[in-house]
Amino acid sequence: MLAKTPPLGWNSWNTFAENITEDLLMETADAMISSGLKDAGYEYVVIDDCWSLRQRGADGRLIADPEKFPHGMKYLADYIHSKGLKFGMYSCAGTRTCAGYPSSFEYELVDAQTFAGFGVDFLKYDFCNKPRHADGPLLYHRMSLALKASGREILFSACNWGSDHVETWIRSTGAHMYRSTGDIFDNFQSMSDIARSRIDKLAYSAPGCFDDIDMLVCGMRNKGNVAAGGMRDEEYLFHFALWCVMQSPLMIGCDIRDMDAATKATLLNKELLRINQDVEARPAFPFNCGRRDHPEREFLGFKHLADNEFLLFGFNFNDKARDCFVEFYDIGLPAGCALRLRDIMTGAEVPAAKDYMRLQLPAHGFQIYRGKLITL
Ligand code: GLA
C-alpha cells in the first residue's frame, strides 16, 4: 500500500518554477543524501511544471525539453533511483498545465504509459485549463486508472486546490494525497490561512490518502518563485510543526543544496517527523483557550497517537503571546486521571499534570507535549 503515512520529499516549484534542469535535479538528489534528509525519511524528488516541450511529438507523446534535460527523463530517473530515492513528475487534468505546457486531458492513458516508461514513482496532477464540460472528479479517476494500468506503482498526488469538496470524493478515485488549498506563499499570513482553512476537515485525511496543505516554504528566506516577504526562523519552525501535527505530506520547497543550519534543524527535527509519520493519523480533539469569540486565532488540540500516546498542543496565530489554561474537563479527562507529559521541543518532563495546565504560547509560537494518561 502506498502512502501508509504522509509522503515526504522535495518539489521544484516553490523555488525554481520554470528554471529546472537535469543538473539541478541531480544535485538535489545528491543533497538529499548529504544533508541527511533521505535518512530522515524524505524520499521523493519531484519535478513540477515546465519540464516538457510546448508541443507533443508526432506520436502524441509528451517530450522532455532537451535543453533542460539533455539525457532525457529515464536517465534522470535512473540516477535518482541509484541513490535509493524515488522520482516524481507533473501533469494536469486540463488541456494545458498551469504554466501553459501540454497536459493530459484525453491523453491520460498515453501519458501514464510515458511516465511509467520514464521510471516515474509519483505523479502530481494539477487542475488548470479544465474544459468546462468535463467533470473534475471523473478526470482524477481517469488518470488514477491510467496510472494503475501502466504496470508501474505510481503514487498519485491530486492537486485541484480543494475544488468540488475534494475531501469527500478523492479517496474513491484511488489518489494517495490531495492538495486542498490554493498556492502557498513565503510569509506567515499565507501559511497560516492555508492551515486554518483545513483544521475542521482533517477527519477525511487518513492512511492511503492524505490532505496536502501544500509544499513547505521553510528555509526559502524570501528567495525564489513564491517569495512574498519570508519568515523568521521561529515562524518556519511553527510552519513545519503545524504541517507535522496536521499530518500533511511534507514536500520541501527550498533549495536543499544550500540550506542553513536553522533550516536543516527544522526539516530534520526527529520528534516532529515522528508525529507526522504516526501510523494512526487521527485528527485532533479540539479545545479552546477560553475566549470563545476568537477560536480561529489558536489551534489547540488533544491528538491520539499510536501505542496509547497522545499530543497536547497549542499553536498561536496571533501577533501577541497567549496564555491558555487547559481545563481538563474540556478535554474529557475523568477525575482521578492525570497526564504525564514531555515538551517535545525542549525534552523537559512535566510533573504529573492534573485538573488543568497552562500553555504559554508566544506570538506566532507553539507548544507540543507528548504523553500518556496515568491513573492517580
Ligand atoms: C498550480 C499548483 C502549483 C504548481 C503550479 C505549476 O498553481 O497549485 O503547486 O504546480 O500550478 O504551474
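Scroll up a little and you will see the structure.
Residues numbered from 1 in each chain as written. Predicted model: local features only at pLDDT ≥ 70, side-chain atom pairs only at ≥ 80, totals over all residues. Heavy atoms only, no water.

1. Brief notes about helix H8 (residues 233-245)
The criterion, for reference: Starting at the N terminus, helices and strands are each numbered in turn, a helix being any DSSP run of H or I of at least four residues and a strand any DSSP run of E of at least two. One less than the residue count of a helix, multiplied by 1.5 Å, gives the span that helix is expected to have. Relative accessibility decides the category of a residue: with a 1.4 Å probe and only protein chains considered, values under 20% of the type maximum give buried, values over 50% give exposed, and everything between is partly exposed.
For H8, built from 13 residues, the straight-helix expectation of 18 Å at 1.5 Å per residue is met to within 8% by its first-to-last C-alpha distance of 18 Å. Across the 13 residues that make up H8, a large majority, 10, are buried. When H8 is considered as a whole, its buried residues turn out to be Glu235, Tyr236, Phe238, His239, Phe240, Ala241, Leu242, Trp243, Cys244 and Val245. Positive backbone phi, at 55 degrees, marks glutamine 247, one or two positions downstream of H8.

2. Quick notes on the sheet that holds strand S10 (residues 298-304)
What counts here: For two strands to pair, DSSP has to find at least two bridges joining them. Note on geometry: axes are lines fitted to C-alpha atoms, helical ones only across the stretch in contact, with angles between N-to-C directions running from 0 to 180 degrees.
Here 6 strands make up an open sheet; going across it, the order is S9-S10-S11-S16-S13-S14 and the pairing antiparallel. Two strands in the sheet have a free side with no partner beyond their single neighbour: strand S9 (285-287) and strand S14 (349-353). For this sheet, the mean angle separating the axes of adjacent strands, direction not counted, is 25 degrees. One ladder, built from 3 bridges, connects S9 with S10; its direction is antiparallel. Counted as the bridge partner of phenylalanine 287 is leucine 300 from S10.

3. Things to note about the pattern of salt bridges
Selection rule: Think of a salt bridge as a Lys or Arg side-chain nitrogen and an Asp or Glu carboxyl oxygen that are within 4 Å of each other.
Applying the stated rule across the entire model yields 27 salt bridges. Aspartate 78 serves as the salt-bridge partner of lysine 74, at 2.9 Å between the closest nitrogen and oxygen. Remark: aspartate 78 and lysine 74 occur in helix H4 (residues 72-82); sequence separation between them is 4 residues, near one turn of the helix. On the accessibility criterion, lysine 74 (41% relative accessible area) is partly exposed. By relative accessible area, aspartate 78 is classed as partly exposed at 37%. The residue arginine 370 makes a salt bridge to glutamate 309 at a minimum N-O spacing of 2.9 Å.

4. A few points about the nonpolar core
Condition: Only buried Ala, Val, Leu, Ile, Met, Phe, Trp, Tyr and Cys residues count toward a nonpolar core, and they belong to the same one when joined by side-chain atoms within 4.5 Å. These domain boundaries are the output of an automatic or database domain assignment. Contacts are assigned to residue pairs that have any heavy atoms within 4.5 Å of one another.
Core analysis: the biggest nonpolar cluster contains 108 residues, and Trp51 and Ile368 have the highest contact counts within it. Residue contributions to this core peak at 8 residues, all from H8. Both domain 1 (8-276) and domain 2 (285-375) contribute no fewer than three residues apiece to this core. Once residues within four sequence positions are removed from consideration, tryptophan 51 is found in contact with Ile20, Leu62, Ile63, Ala64, Asp65, Phe69, Met73, Met89, Tyr90, Phe115 and Phe118.

5. Some remarks on empty space enclosed by the protein
Just so we agree on the cut-off: A cavity here means a set of 1 Å grid points, computed over protein atoms only, where a 1.4 Å probe fits but cannot escape. A pocket is an open set with protein on both sides within 12 Å along at least 5 of 7 lines, and lining residues have an atom within 4 Å of a point. Grid points are joined across faces, edges and corners, and a volume is the space filled by probe spheres set on the points. Basically, the charged four are Asp, Glu, Lys and Arg, the nonpolar ten are Ala, Val, Leu, Ile, Met, Phe, Trp, Tyr, Cys and Pro, and anything else, Gly included, counts as polar.
The tally for this structure, following the rule as stated, stands at 4 cavities of 30 Å³ or more. By volume, the largest cavity is sized at about 90 Å³. Lining the largest cavity are 13 residues; nearest its centre among them are Lys124, Ser157, Met177, Asp212 and Met251. Among the secondary structure elements, those contributing two or more residues to the lining of the largest cavity are strand S4 (122-126), strand S5 (155-159) and strand S6 (177-179). Element by element, the count of residues in the lining of the largest cavity is highest for S5, at 3 residues. Taken together, the residues of the lining of the largest cavity break down into 7 nonpolar, 2 polar and 4 charged. Roughly 50 Å³ of internal volume is contained in the second largest cavity. Leu202, Ser205, Val245, Met246, Gln247, Ala281, Arg282, Pro283 and Lys303 together form the lining of the second largest cavity. Counted by class, the lining of the second largest cavity contains 5 nonpolar, 2 polar and 2 charged residues.

6. With respect to the site of the ligand
Using the following cut-off: Put simply, a residue is near a molecule or strand once any heavy atom of it comes within 4 Å of that molecule or strand.
Residues in close proximity to the ligand total 13 residues, the closest being Asp48, Asp49, Lys124, Asp126 and Asp183. The residue makeup of the shell around the ligand, split by class, is 7 nonpolar, no polar and 6 charged.

7. Some words on the layout of surface pockets
The space that makes up the second largest pocket amounts to roughly 190 Å³. If you trace the second largest pocket, you find it lined by Thr15, Gly219, Met220, Arg221, Lys223, Gly224, Cys254, Asp255, Asp258, Met259, Asp260 and Thr263. Considering only residue class, the lining of the second largest pocket consists of 3 nonpolar, 4 polar and 5 charged.

8. What about the pairing of strand S11 (residues 310-316)?
A regular strand places its side chains on the two faces of the sheet in alternate fashion. Counting buried residues along S11, 7 of its 7 residues qualify, which places the element largely inside the surrounding structure. Burial of the side chains of S11 extends over both faces: Phe310, Leu312, Gly314 and Asn316 are buried on one face and Leu311, Phe313 and Phe315 on the other. Pairing analysis gives 7 bridges linking S10 to S11, with the strands arranged antiparallel. Note on S11: the bridge partner recorded for glutamate 298 is asparagine 316. As consecutive antiparallel partners, S10 and S11 are separated by 5 residues, and within that stretch aspartate 307 has a phi angle of approximately 60 degrees, a positive value. The pairing of S11 with strand S16 (residues 366-375) spans 6 bridges and is classified as antiparallel. What sits directly across from glycine 314, in S16, is glutamine 367.

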